[in-house]
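Coordinates in review
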Amino acid sequence: GTRSPQGASAGGVPVPQPGVMASGAAVDAAPPATNVVVLVCTSNTCRSPMAGAIAQSILSRRAGGAWMAVSRALTDEYEPEGSPASEFAVEACEEVCGADIAQHRSRLLTAADVAGGPAAGGGGG
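Reference entry: report on the structure contained in this document.

How each quantity is defined
Residues numbered from 1 in each chain as written. Predicted model: local features only at pLDDT ≥ 70, side-chain atom pairs only at ≥ 80, totals over all residues. Heavy atoms only, no water. Helix = DSSP H or I, 4+ residues; strand = E, 2+ residues; numbered from the N terminus. Core = buried A, V, L, I, M, F, W, Y, C linked by side-chain atoms within 4.5 Å. Buried < 20%, exposed > 50% of the residue type's maximum accessible area, 1.4 Å probe, protein only. Contact = heavy atoms within 4.5 Å. Polar contact = N/O pair within 3.5 Å; in protein donor to acceptor, adjacent residues only side chain to side chain. Patch = residues over 30% accessible without salt bridge, like charges linked within 9 Å, V, L, I, M, F, W, Y side chains within 5 Å. Areas by Shrake-Rupley, 256 points an atom, 1.4 Å probe, with all protein chains shown as cover. Salt bridge = Lys/Arg side-chain N within 4 Å of Asp/Glu carboxyl O. Expected span 1.5 Å × (residues − 1). Pairing = 2+ DSSP bridges. Right-handed = clockwise from strand over helix to strand, strands pointing away.

1. Structural notes on the overall build of the protein
- When helices and strands are counted, the protein shows 3 helices and 5 strands.
- Seen in sequence order, the protein has helices and strands lined up from the N terminus as β-β-β-β-α-β-α-α.

Now the structure itself:
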């Protein structure tokens, strides 16, 4: 893909550099030994945060700290990066698995996420 000030382009959508949100803010990195499952949906405000919370609940019980689940957006075309989880997603997660995703904020998928790099681990889904 082509390079932009923020990083590579994925289907015309800029992919931020590893460890940096599109806004330029740094993201938390996962511990290097952590295996990361990345769940992706369009805006990272409903489906992927719910899937991430459910997956993290299961991974925590079965794999301890060896695995973590994070969620990402394909685009910020519909919701800007940093958007909260939808009200319905927050309610559903609480009901289905007891997870609180009220503090979730959307993040764009990065090249590091796809490569499995340490920047994939922002936590919180």
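That was the structure; now back to the text.
2. As for the nonpolar core
- In this structure, A53, A85, A89, C93, A99 and I101 together form the largest nonpolar core, which totals 6 residues.
- Setting aside residues up to four positions removed in sequence, A85 forms contacts with T45, V90, I101 and H104.

3. Quick look at unusual backbone geometry
- Phi at N44 takes a positive value of approximately 60°, unusual for a residue other than glycine.
- Position of N44 among the secondary structure elements: in the loop between β4 (35-41) and α1 (47-63).
- With a relative accessible area of 0%, N44 lands in the buried category.

4. Re the side chain of H104
- Here H104 shows up in the loop between α2 (87-97) and α3 (111-115).
- By relative accessible area, which is 4% here, H104 ends up buried.
- At a separation of 2.8 Å, a polar atom in the side chain of H104 contacts the main-chain carbonyl oxygen of N44.

5. Re a nonpolar patch on the surface
- Residues I54, I58 and V96 make up a contiguous nonpolar surface patch of roughly 240 Å² in combined accessible area.
- As for its placement among the helices and strands, I58 is situated in helix α1.
- For I58, a relative accessible area of 34% gives the class partly exposed.

6. A few points about α1
- Taking 1.5 Å per residue as the helical rise, α1 with its 17 residues ought to reach 24 Å, and the 23 Å between its terminal C-alpha atoms agrees with that figure.
- Here α1 has its buried residues at S48, P49, G52, A53, A55 and L59.
- If you follow the buried residues of α1, they end up packed against β4, β5 (67-73) and α2.
- Of the residues one or two after α1, G64 is the one with positive phi, at around 60°.

7. A word on the pairing of β5
- Judged by how many residues are buried, β5 sits mostly within the fold: 6 of 7 residues are covered.
- For β4 and β5, the ladder comprises 7 bridges, and the chain directions are parallel. Note on β5: the bridge partner recorded for V36 is M68.
- The parallel pair β4 and β5 is bridged by α1, and the resulting crossover is right-handed.

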